[in-house]
Amino acid sequence: IALAPRQPGLHYKLGDLYRETSQWDAAFEEFSAEFASDPRNCRASWKLGDVLLLQSTRPEEALGYVDKALAACPDLAEARLDRARLLVKLHRNEEAVPDLLASVKAMPGEPSIHYLLAQAYRALGRGQEAQSEMQIFSRLDEAARAATAARAREAIQSKEDRKEGQQPPR
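Residues numbered from 1 in each chain as written. Predicted model: local features only at pLDDT ≥ 70, side-chain atom pairs only at ≥ 80, totals over all residues. Heavy atoms only, no water.

Caption draft 1: Main features of the pattern of salt bridges. Tallied over the full model, the rule gives 13 salt bridges. Note that lysine 47 and aspartate 16 form a salt bridge whose closest N and O atoms lie 2.3 Å from each other. Residue lysine 47 is found in helix H3 (residues 42-55), and its partner aspartate 16 is found in helix H1 (residues 10-20); the two are separated by 31 residues along the sequence. Relative accessible area serves as the criterion here: at 21%, aspartate 16 is assigned to the partly exposed category. A salt bridge links glutamate 60 to arginine 92; the nearest nitrogen and oxygen atoms lie 3.9 Å apart. Taken as a pair, glutamate 60 in helix H4 (residues 59-72) and arginine 92 in the loop between helix H5 (77-89) and helix H6 (93-106) lie far apart in primary sequence, 32 residues in all. Classification of glutamate 60 by relative accessible area gives exposed; the value is 51%. Put simply, Asp67, Arg80, Arg83 and Asp99 are held in one network by salt bridges that share partners. (Salt bridge = Lys/Arg side-chain N within 4 Å of Asp/Glu carboxyl O. Helix = DSSP H or I, 4+ residues; strand = E, 2+ residues; numbered from the N terminus. Buried < 20%, exposed > 50% of the residue type's maximum accessible area, 1.4 Å probe, protein only.)

Here's what the structure looks like:
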């Protein structure tokens, strides 16, 4: 970055690194630098909103960044989901439902979308739909937990198998 501060993508990658380590201010600064050097970069705009969403601060400002990202890249599924999360957080549930439904289509196996959709439906007085979404959430969440547990068992078994293979013969 010191050698090429305007090189496309550098600030974005550094921002992602900071985001993954929960260094929110540094991440926001890097995504801002990326967006300043390339205002058409919808992913940088989305990440600015995402960082604010993850911090649970300034939801209106976060929504502005996410809306800009979606204006430039309407098929950016992650931004669509963040927009829905922000709208639910802002109690704008009626507006959130179409984004949540689009997110379900784009990421059908993601449990959190169904949970948010259940929240939005409940807030709108659509109890039966909320209950249905909670059932889907529970089923998907249970399946995800079972898959994680199975991967953990496989990793432990693989490690034990390697240990047994490394022991000297008696």
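Caption draft 2: Fine view of the packing of aromatic side chains. Applying the stated rule across the entire model yields three aromatic pairs. With a centroid separation of 5.4 Å and an interplanar angle of 65 degrees, the aromatic rings of tyrosine 12 and phenylalanine 31 are classed as edge-to-face. A residue pair is termed long-range when its members are at least 10 positions apart, and tyrosine 12 in helix H1 and phenylalanine 31 in helix H2 (residues 24-37) qualify at 19 residues. With relative accessibility at 13%, the residue tyrosine 12 sits in the buried group. Both rings, one in tyrosine 115 and one in phenylalanine 137, keep their centres 5.2 Å apart while their planes meet at 55 degrees; by these two values the pair is tilted. Placement of tyrosine 115 in helix H7 (residues 111-123) and of phenylalanine 137 in helix H8 (residues 127-166) is noted, with a sequence separation of 22 residues between them. Over the ring of phenylalanine 28 we find arginine 58, and its NZ or CZ is 5.6 Å from the ring centre. (Phe/Tyr/Trp six-rings, centres within 6.5 Å; stacked < 30°, edge-to-face > 60°. Lys NZ or Arg CZ within 6 Å of the ring centre and 35° of its normal.)

Caption draft 3: Highlighting the environment of glutamate 110. Relative to the elements of secondary structure, glutamate 110 occurs in the loop between H6 and H7. For glutamate 110, a relative accessible area of 31% puts it in the partly exposed group. Sequence spacing of glutamate 110 and leucine 10 is 100 residues, and the spatial spacing of their C-alpha atoms is 30 Å. Separated by 2.8 Å, the side chains of glutamate 110 and serine 112 make a polar contact. (Polar contact = N/O pair within 3.5 Å; in protein donor to acceptor, adjacent residues only side chain to side chain.)

Caption draft 4: The arrangement of the state of the cysteines in detail. One pass over the structure, following the stated rule, counts one disulfide. The disulfide that involves cysteine 42 links it to cysteine 73, with 1.9 Å between the sulfurs. Across the S-S bond of cysteine 42 and cysteine 73 the torsion is about -80 degrees, and the bridge reads as left-handed. Pair noted here: cysteine 42 is in helix H3 and cysteine 73 is in the loop between H4 and H5, with a separation of 31 residues, a long-range link. Relative accessible area serves as the criterion here: at 10%, cysteine 42 is assigned to the buried category. Judged by its relative accessible area of 24%, cysteine 73 is partly exposed. (Disulfide = S-S within 2.5 Å.)

Function cannot be read off these values alone, since they describe shape.
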